[in-house]
Amino acid sequence: MTRLTEKDLAGLDNILNSYDLHLYNNFGLTLKSASITAAGISKEYFDKKLQEISVAVIPVTMGQGIIGNFSYTVKSILQYVGANVFITESYDVAGIAEGINRGANLLFMADDNQFIALNNHKGIISDNAEATARGFVTALNAAAKGLENKEVLLIGAGKVGSFALEHLNELDAKVAVYDIDNKKLEQFKQLGLKIETNINEALNKYKYIFDASPMGDFIDLDLLHPEVYIAAPGMPLGLTKEAYKTLNKRVIHDPLQLGVATMLAMAL
Ligand code: 2YC
């Protein structure tokens, strides 16, 4: 996963309403309903658990350190879907201790390699890569009114892309994989998966695209299927600015919202 920057997250708390409206109007889901569906739980269970629990977001200084706006943005997203959240004053291990001492049941924390939500009552964790994959697949599935037997182009077979492949297979979608790494592609071919070796030729053949690649600005409008829907968790966005502007209503892309909301639902 790409490391986010403070700039990626600036002002995101103020646009949660318009983001949610975009998701609902164009994909038929709210951030809350997408996370509940992605986690495979009921709305009743989600609402009940959120009444009972509190959530701590713990800033982590290790490695490349704290990202400005990260903890605050995670907190804003969690509050937006109804959780009781606080950011610990302390960092790292002291932050974990503070979170537990202040009665948190869920601990959200991210170092340079993994972003998890730890449920210390149930002894389970949810992982941002898996949650992001499930959240964005759920949105694409809603846009397609069901992906069963529909062809989907998966771009990028990294952590998020691999989890997305799992979920797309669960939905019986017909997935073709493209990855910049030919060795990876060869492995998928050995596994009997359909692969695409030339991305520019492949793009316009698919009405549904899941862009989990960390490359930015490489998908031009004229390469795409005229009725394409794109779920794009990859940071930076693969679409060119012009393509994103034109296709806006048929693209779901965000740096944290769907992944964080789905982490919450998966960790309850
Ligand atoms: O502020 C902090 O606590 C930092 N330790 C957070 C580091 C997050 C690094 N990971 C990322 O930027 C992306 C996220 C979308 C989750 C996975 N990679």
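Quick caveat: nothing in here was measured; it's all calculated off a predicted structure. (Residues numbered from 1 in each chain as written. Predicted model: local features only at pLDDT ≥ 70, side-chain atom pairs only at ≥ 80, totals over all residues. Heavy atoms only, no water.)

Considering the pattern of salt bridges
Here is step 1 of the chain: Evaluation of the coordinates by the stated rule reveals 12 salt bridges.
Here is step 2 of the chain: A salt bridge links Arg3 to Asp112, with the nearest nitrogen and oxygen atoms 2.9 Å apart. Of this pair, Arg3 sits in the segment before helix 1 (6-9) while Asp112 sits in the loop between strand 3 (106-110) and strand 4 (115-119), and the two are 109 residues apart along the sequence.
Here is step 3 of the chain: Taking the relative accessible area as the measure of exposure, Arg3 reaches 31% and is therefore partly exposed.
Here is step 4 of the chain: Salt-bridge contacts for Glu52 lead to Lys49; the nearest nitrogen and oxygen are separated by 3.3 Å. Taken as a pair, Glu52 and Lys49 lie in helix 4 (residues 43-52) at a separation of three residues, close to a single helical turn.
Here is step 5 of the chain: Looking at Lys49, the relative accessible area reads 18%, which means it is buried. (Salt bridge = Lys/Arg side-chain N within 4 Å of Asp/Glu carboxyl O. Helix = DSSP H or I, 4+ residues; strand = E, 2+ residues; numbered from the N terminus. Buried < 20%, exposed > 50% of the residue type's maximum accessible area, 1.4 Å probe, protein only.)

Digging into the site of the ligand
Here is step 1 of the chain: If you check the shell around the ligand, you find 15 residues, and the closest are Thr2, Leu4, Val60, Ile67 and Ala110.
Here is step 2 of the chain: Take Val60: an N or O atom from its main chain is 2.8 Å from a nitrogen atom of the ligand.
Here is step 3 of the chain: Contact between the ligand and Ala110: a nitrogen atom at 2.7 Å from a main-chain N or O atom of the residue.
Here is step 4 of the chain: Considering the ligand on its own, with 470 Å² of exposed area, one finds that the protein chains cover 95% of that surface.
Here is step 5 of the chain: Along the lines of polarity and charge, the residues of the shell around the ligand split into 10 nonpolar, three polar and two charged. (Near = heavy atom within 4 Å. Polar contact = N/O pair within 3.5 Å; in protein donor to acceptor, adjacent residues only side chain to side chain. Areas by Shrake-Rupley, 256 points an atom, 1.4 Å probe, with all protein chains shown as cover. Nonpolar A, V, L, I, M, F, W, Y, C, P; charged D, E, K, R; others polar.)

Here we look at helix 6 (residues 92-101)
Here is step 1 of the chain: Listing the buried residues of helix 6 in full gives Gly95, Glu98 and Gly99. For helix 6, the buried positions fall inside an angular range of 100° around the axis, keeping them on one side. Across from the buried face of helix 6, at angles greater than 90 degrees, the exposed residues are Val93 and Asn101.
Here is step 2 of the chain: Here the buried face of helix 6 lies against strand 1 (55-58), strand 2 (85-87) and strand 3. (Arc of directions from axis to C-beta. Contact = heavy atoms within 4.5 Å.)

Considerations on the nonpolar core
Here is step 1 of the chain: Leu78, Phe108, Leu153, Phe210 and Leu264 are the most contacted members of the largest nonpolar core, which has 89 residues in total.
Here is step 2 of the chain: Here this core takes eight residues from helix 7 (residues 128-143), the largest share from any one element.
Here is step 3 of the chain: In this view, Phe210 contacts Ala133, Phe136, Val137, Val152, Leu153, Leu154, Ile155, Val160, Ala164, Ala231 and Pro233; residues no more than four positions away in its chain are not counted.
Here is step 4 of the chain: Ranked by size, the runner-up nonpolar core spans eight residues in total, among them Ala56, Val60, Ala104 and Met109. (Core = buried A, V, L, I, M, F, W, Y, C linked by side-chain atoms within 4.5 Å.)

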